[in-house]
Amino acid sequence: MTSSGPDEQWAWLGLLKWSLSYSDGTKPSSESIAMSGEDKKFLEEVMKNGILDENERMKHILEKMTTAMDGFKNGSTDIDVDELEDLLLELRDIVEKIDYARAFCSLKGLTFLLGSVQQNKKVPNSIRNAFLGILATVCQNNPPVQMELLDLGSIRILSEIFFIETDQGVKAKIVQAISANIRNHATAESVYCETEQADELVAQGLGVGGEVSEQLKKRTLFFLRALITSDDSDRNRVRKFEASTGYIADNFLNETNTSEIREMSLQFLNRVLEQKISVDAMLEPRRSDVVALGIERVSALRALDGDERDFASVELEQWETLLLQLSRITPDAPAPL
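> Quick one: what's the story with the overall build of the protein, residue by residue and with numbers?
What the protein contains, in helices and strands, is 20 helices and 0 strands. A fraction of 71% describes how many contacts in the protein between residues 6 or more apart in sequence connect residues 24 or more apart. About 16400 Å² of surface is accessible on the protein, with carbon and sulfur atoms providing 48% of the total.

> Which residues make up helix H16 (residues 242-251), and what values do they have?
For H16, every residue scored as buried is listed here: Ser 244, Thr 245, Gly 246, Ile 248 and Ala 249. Next to the buried residues of H16 lie helix H13 (198-206), helix H14 (214-228), helix H17 (259-275) and helix H18 (286-302).

> Any chance you could break down unusual backbone geometry for me, citing the residues and the numbers?
Trans peptide bonds make up the majority, and among non-glycine residues the majority have a negative phi. Cis rather than trans, the peptide bond between Glu 284 and Pro 285 has omega equal to 0°. The residue Pro 285 is located in the loop between H17 and H18 in this model. For Asn 184, which is not glycine, the phi dihedral falls at a positive 60°. The phi torsion at Lys 276 lies on the positive side, around 60°, for a residue other than glycine. Structurally, Lys 276 can be placed in the loop between H17 and H18.

> If you had to explain the packing of helix H5 (residues 81-95) against helix H6 (residues 98-106) to someone new, which residues and values would you point to?
One way to put it is that H5 packs onto H6 with a least axis distance of 7 Å and a crossing angle of 115°. Between H5 and H6, the residues in contact are Leu 91, Ile 94 and Val 95 and Tyr 100, Ala 101 and Phe 104, respectively. A class-by-class count of the residues in the contact of H5 with H6 yields 6 nonpolar, no polar and no charged.

> How would you sum up the pattern of salt bridges? Please name residues and give values.
Scanning the entire structure with this criterion turns up 17 salt bridges. Across the pair Glu 90 and Arg 57 runs a salt bridge whose closest N-O atoms are separated by 2.6 Å. One end of the pair, Glu 90, is in helix H5; the other, Arg 57, is in helix H4 (residues 52-73), with 33 residues separating them in the sequence. Accessibility expressed as a relative area gives 30% for Arg 57, which makes it partly exposed. Its salt-bridge partner being Arg 262, residue Glu 315 comes within 3.0 Å of it at the nearest N-O pair. Of this pair, Glu 315 sits in helix H20 (residues 313-326) while Arg 262 sits in helix H17, placing them 53 residues apart in sequence. Glu 315 gets classed as buried once you look at its relative accessible area, which sits at 2%.

Calculation notes
Residues numbered from 1 in each chain as written. Predicted model: local features only at pLDDT ≥ 70, side-chain atom pairs only at ≥ 80, totals over all residues. Heavy atoms only, no water. Helix = DSSP H or I, 4+ residues; strand = E, 2+ residues; numbered from the N terminus. Contact = heavy atoms within 4.5 Å. Areas by Shrake-Rupley, 256 points an atom, 1.4 Å probe, with all protein chains shown as cover. Buried < 20%, exposed > 50% of the residue type's maximum accessible area, 1.4 Å probe, protein only. Axes fitted to C-alpha atoms, helices over the stretch in contact; angles between N-to-C directions. Nonpolar A, V, L, I, M, F, W, Y, C, P; charged D, E, K, R; others polar. Salt bridge = Lys/Arg side-chain N within 4 Å of Asp/Glu carboxyl O.

In structure tokens form, the structure reads like this:
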């Protein structure tokens, strides 16, 4: 992350304080920068449409957060972290609704969240995780919010935090937030894929170069599947993450992994082959290795009975599908000139 002075690193906190002071639509004093007409209009409509209570509750929670952030900034130890976590869970539930998500953005909540999660030395990880969870919730399948986050440089900010973060739980939450920010948004997906660190972030999230938590693996698997099998995916995108696809095939299908990781990985590989955009990552010699493992796993799974057979039914079905697809794939056709 770019270096800056202590006060500059907390500038987002002052912005939220100002926004909360004028969120009722009143005209700010001449020495303040006015809230945009669009923001005022939206907040007035939110209140007029009978959802004033939860809007006020959201404002109250953010006011409590600004007080707490001031305390963290100044090194206070007299902060009830458990209470803050409860309030942030409530805030997450509120902004899950699209109307409240818009109101949250009008209160400059996105800038506040991005600023807060960067304070790894001052703010407890449990609070940072809660902020990242809210960030994922507020932008998921919400194109205007996804676009606003892009304009704020969210992909760069969150990626930089990911690479310096040591806590596996926080890293998993960062992947979740990036995933929610770009999924089902063509521009956001393209912006992410064009970043220099895109494939390295995915590789690290999967555990290339060092063991990672189960949660981080699952978040990254889900993210990668959504990214390279989206409606806007193309051969360049699939090939950009070809090494990660191969790593999944080589490492996530055997019994050393949990059943959930195996199932997610099989579903991912089947989807990649089904879309037929690029399948070269699964050609020889990898194909033979996966087929050999698949034959062994299918035989073992078919030998199960009772509850064990039922529990393994998804994995068995996915293996049978994958073996069939691997028998039919051919190298990618040359790209048109």
